[in-house]
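# Observations on chain architecture
Single-letter residue listing:
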Amino acid sequence: MSVYVITGVSKGIGFEFVKQISEDPKNLVVGLVRDKAATEKKVAAELGDRSNVHILHADLTSYASLKQAAADTAKIVGERGIDYLVANGAFLSLFDAYDPIGALGDKVEELEDVSSKVFQTNVVGNIHLFNLFLPLVMKAKVKKVITISSGHADLDLINDHEIEISALYSASKAAMNVIVAKFNAQYKKDGVLFVSISPGAVEVGHYANATPEQVQGLMESMRKFSNYAPHFKGPTPVDEAIRNIRSTWERASIDSGYGGAFISHFGNKQWL
């Protein structure tokens, strides 16, 4: 039996984590979300009565809520600790999702506001998450802390294939890759694996309301992805993506040299 704590489980990748992992009744899954009531309702409607799933309120922009979530999690998991802490929750800004960074310069206030929210949520929030939940990770046997990163944080991909969009989101994910490496530098000696995993493009409906012009821009980015990784045929179904991620984190270890690593699905450059 393993204990999992996963952020951002209300939909998409996070909800699929809960769905697949909790299929084994021996696993204990604690999902952290902003809207606890709505997510509990969704779990009940789509997964049924799974007593091994617990949903707690936590907001990555609120240190107090994360601290309370850590205390509540400790009551649930007890001395078992947390085997897998999965930092999946993130703010995906649509402000910069379709345009290059140079086209956003005249939108001064929005650029500053979105930048602040992106970094507060995707970087600072996860630093707090790690620091608050690490005492529980240290109690467990597995001791793995996984950040769900993005191919947008791959500098080779950006530079070699001129990927212009999602600059702020990309920067936050690249920053988190550094944070993961810094935590690894501190806690590797304690046997804690910190690793960033990019699942590649995953179909979770982020761009369902895009305009025709925005869709055209996305298709151009997909074409560039295909040039970078010839095997790329489009976004991966979310159920398949989660199986790939879990397979990867099971095989990644400090001994195999993946402490602090950024493992990217695009191009199979470092895919285990």
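The present account deals with the structure reproduced in this document. As the structure is a prediction and not an experimental result, all values here were calculated from the model. All residue numbers refer to position in the chain's written sequence, counted from 1. This being a predicted model, a pLDDT of at least 70 is required before a residue's local features are given, and a value of 80 or more before pairs of side-chain atoms are given or counted; all residues contribute to the totals for chains, interfaces and linings. The basis for the side-chain values is all heavy atoms of the structure; hydrogens and waters are excluded.

## Notes on the overall build of the chain
In this text, helices come from DSSP runs of H or I with a minimum length of four residues, and strands from runs of E with a minimum of two, each type numbered from the N-terminal end. The helix and strand inventory of the chain stands at eight helices and nine strands. Working definition: with a 1.4 Å probe on protein chains only, accessible area under 20% of the residue-type maximum means buried, over 50% means exposed, and in between means partly exposed. The 272 residues of the chain split such that 49% are buried. A separation of at least 24 residues holds for 78% of the contacts in the chain among residues at least 6 apart in sequence. As displayed, the chain has an accessible area near 12,700 Å², and 51% of this comes from carbon and sulfur atoms. Residue contacts are counted whenever heavy atoms from the two residues lie within 4.5 Å of one another. For the accessible areas, the method is Shrake-Rupley and the probe is 1.4 Å, while residue cover comes only from the protein chains on display.

## Concerning the packing of aromatic side chains
Aromatic ring pairs are described here by two measures, namely the spacing of the ring centres and the angle between the planes. Any two rings among Phe, Tyr and Trp, with Trp reduced to its six-membered ring, count as a pair given centres within 6.5 Å; such a pair is stacked if its planes are under 30 degrees apart, edge-to-face if over 60, and tilted if neither. What the rule picks out here adds up to nine aromatic pairs. Ring geometry for tyrosine 84 versus tryptophan 249: centroids 5.7 Å apart, planes at 35 degrees, classification tilted. Remark: tryptophan 249 occurs in helix α8 (residues 238-251) and tyrosine 84 occurs in strand β4 (residues 84-87); sequence separation between them is 165 residues. Among the residues examined, tyrosine 84 registers a relative accessible area of 4% and is labelled buried. The class of tryptophan 249 is buried, set by a relative accessible area of 0%.

## With respect to the pairing of strand β2 (residues 28-33)
The buried fraction of β2 is high, at six of six residues. A strand pair is defined by DSSP finding two or more bridges across the two strands. Judged from the five bridges that link them, strand β1 (residues 3-7) and β2 form a sheet pairing that is parallel. Within β2, the residue paired with threonine 7 across the bridge is leucine 32. In this fold, the crossover linking β1 to β2 by way of helix α1 (residues 12-21) has right-handed handedness. Pairing of β2 with strand β3 (residues 53-57) involves five bridges; the strand directions are parallel. Looking at the pairing, glycine 31 lines up with isoleucine 55 of β3. When the strands point away from the viewer, a crossover counts as right-handed if the path from the first strand over the helix to the second runs clockwise. Traced from β2 through helix α2 (residues 36-47) to β3, the parallel crossover comes out right-handed.

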